[in-house]
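Structural overview
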There are 2 protein chains.
Amino acid sequence: MHPAQATALRDLLHTQRLAALGTLHQGEPFVSMAPFAILPGGGGFVIHVSRLATHTKDMMLSPAVSLLVVAPSPPGSSPQATARVTIQGQAQPYPDSTPGHAEAKAAYLSRFPQTADLFSFADFSLFVIRPTSVRFVGGFAQATTLDPAALAEILSNG
Amino acid sequence: MHPAQATALRDLLHTQRLAALGTLHQGEPFVSMAPFAILPGGGGFVIHVSRLATHTKDMMLSPAVSLLVVAPSPPGSSPQATARVTIQGQAQPYPDSTPGHAEAKAAYLSRFPQTADLFSFADFSLFVIRPTSVRFVGGFAQATTLDPAALAEILSNG
């Protein structure tokens, strides 16, 4: 990957806090908002969700998910010039007993200190999404496919 | 729907230009960016896509899609306070010969005048997404489900 593209991808995922999470719902795609943080080492993403929410029930039944993160698009700019990344991955519940739970929780709370109270809600829990494939579009006709190891290296540098 | 919620939903869809589009890809959800416009009358959304793109091939095989539109989330704000709407819908190709094509194209170009050149690209074409169900979350624990007729009325007022 071109160094400028790698920097743009890293900046996108370190700067934007909200992803669009696609889950499989009754055989159809369902997209909802998911605040996300990056696991130490860049090997995955952590989300904090309610078991009452549609996307959580979906992930329990079908762990294949898709995350989209989009850069801000100023009014008047060309929409196709907007940087964005789609991450296909596998979601897994990450309860307190999971090795790495503390690091995942710390990563999430570092990004979202406002959500600390939610960790005392019985229905909220962490899920980790491990990428299987990554498609970064840096702008019009600037698409790159990369594998999870390349993404982890990009995210853990700098 | 409470008038303040209706206003917030209308503002969200009239202000934000980019949706996250969920399609079914080889049996799994796939989320990509889609600039969108609102059809006159509020009965649907129009997108302009390349037939070379994954989401377009997906929609041709499986028209059930999901659109997520999210309000800006200022740094430091609570992510759960972010307004967002998920629209489940059916996508259909909208070639030049479709009744209503001219209105859909005009709505899209009114929002995205920068994309006029793309209408001369042979691989780009319009799709219309007709809502089947709508879930608006105005903030933490402020979720409302509404039907397509209610959404159309909200979008066409004011």
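Residues numbered from 1 in each chain as written. Chains lettered and ligands numbered in written order. Predicted model: local features only at pLDDT ≥ 70, side-chain atom pairs only at ≥ 80, totals over all residues. Heavy atoms only, no water.

1. Re the overall build of chain A
When helices and strands are tallied, chain A shows 4 helices and 7 strands. Seen in sequence order, chain A has helices and strands lined up from the N terminus as α-β-β-β-α-β-β-α-β-β-α. Oriented by its inertia axes, the alpha-carbon framework of chain A measures out at about 45 × 35 × 30 Å. Looking at chain A as a whole, 53% of its 158 residues qualify as buried. When contacts within chain A are restricted to residue pairs at least 6 apart in sequence, those whose partners lie at least 24 apart make up 66%. For chain A, the exposed area adds up to about 6800 Å²; of that, 57% sits on carbon and sulfur atoms. Taking the 9 positively charged and 9 negatively charged side chains of chain A as two groups, their mean positions are separated by 4 Å. (Helix = DSSP H or I, 4+ residues; strand = E, 2+ residues; numbered from the N terminus. Buried < 20%, exposed > 50% of the residue type's maximum accessible area, 1.4 Å probe, protein only. Contact = heavy atoms within 4.5 Å. Areas by Shrake-Rupley, 256 points an atom, 1.4 Å probe, with all protein chains shown as cover. Lys, Arg positive; Asp, Glu negative; His and termini not counted. Charge placed at Lys NZ, Arg CZ, Asp CG, Glu CD.)

2. Describing the confidence of the model for chain A
Note: predicted coordinates in regions of low pLDDT should not be interpreted at a detailed level. Across chain A, the average pLDDT comes to 95, with 99% of residues at or above 70. As scored by the predictor, the complex reaches a pTM of 0.97 and an ipTM of 0.97. (pLDDT = per-residue confidence, 0-100.)

3. Examining the packing of helix α1 (residues 3-15) of chain A against helix α4 (residues 148-156) of chain A
Residues and elements named next belong to chain A. The interhelical angle for the contact between α1 and α4, taken along N-to-C directions, is 75°, at an axis separation of 9 Å. Viewed along their axes, α1 and α4 adopt a mutual orientation that is roughly perpendicular. Contacts between α1 and α4 involve Ala6, Leu9, Arg10, Leu13 and His14 from the first element and Leu151, Ile154 and Leu155 from the second. A per-class count over the contact of α1 with α4 returns 6 nonpolar, 1 polar and 1 charged. (Axes fitted to C-alpha atoms, helices over the stretch in contact; angles between N-to-C directions. Parallel < 35°, antiparallel > 145°, perpendicular 65-115°, else oblique. Nonpolar A, V, L, I, M, F, W, Y, C, P; charged D, E, K, R; others polar.)

4. A closer look at the side chain of His55 of chain B
Residue and element names in this part refer to chain B. Tracing the backbone shows His55 in helix α2 (residues 54-61). At 2.7 Å, the side chain of His55 forms a polar contact with the side chain of Ser32. Sequence-distant contacts of His55, that is, excluding residues within four places in its chain, are made with Leu21, Thr23, Phe30, Ser32, Met33 and Val49. (Polar contact = N/O pair within 3.5 Å; in protein donor to acceptor, adjacent residues only side chain to side chain.)

5. Description of the interface of chain A and chain B
Taken together, the contacts link 39 residues of chain A with 39 residues of chain B. Roughly 3000 Å² of surface becomes buried between chain A and chain B when both sides are summed, with 67% attributable to carbon and sulfur atoms. Of all residues in chain A, Pro29, Val31 and Met33 of chain A give up the largest surface area on contact with chain B, accounting jointly for 22% of the area buried on that side. On inspection of chain A and its partner chain B, the count reaches 0 salt bridges. The interface formed by chain A and chain B contains 16 residue pairs in polar contact (both at pLDDT 80 or more). Listed by contribution, the elements that provide at least two residues to the side of chain A that touches chain B are β1 (18-25), β2 (28-38), β4 (64-70) and β5 (84-93) of chain A. Considering each element in turn, the side of chain A that touches chain B owes the most residues, 7 residues, to β2 of chain A. In terms of residue class, the side of chain A that touches chain B is made up of 20 nonpolar, 16 polar and 3 charged. (Buried area = accessible area lost by both parts, 1.4 Å probe. Salt bridge = Lys/Arg side-chain N within 4 Å of Asp/Glu carboxyl O.)

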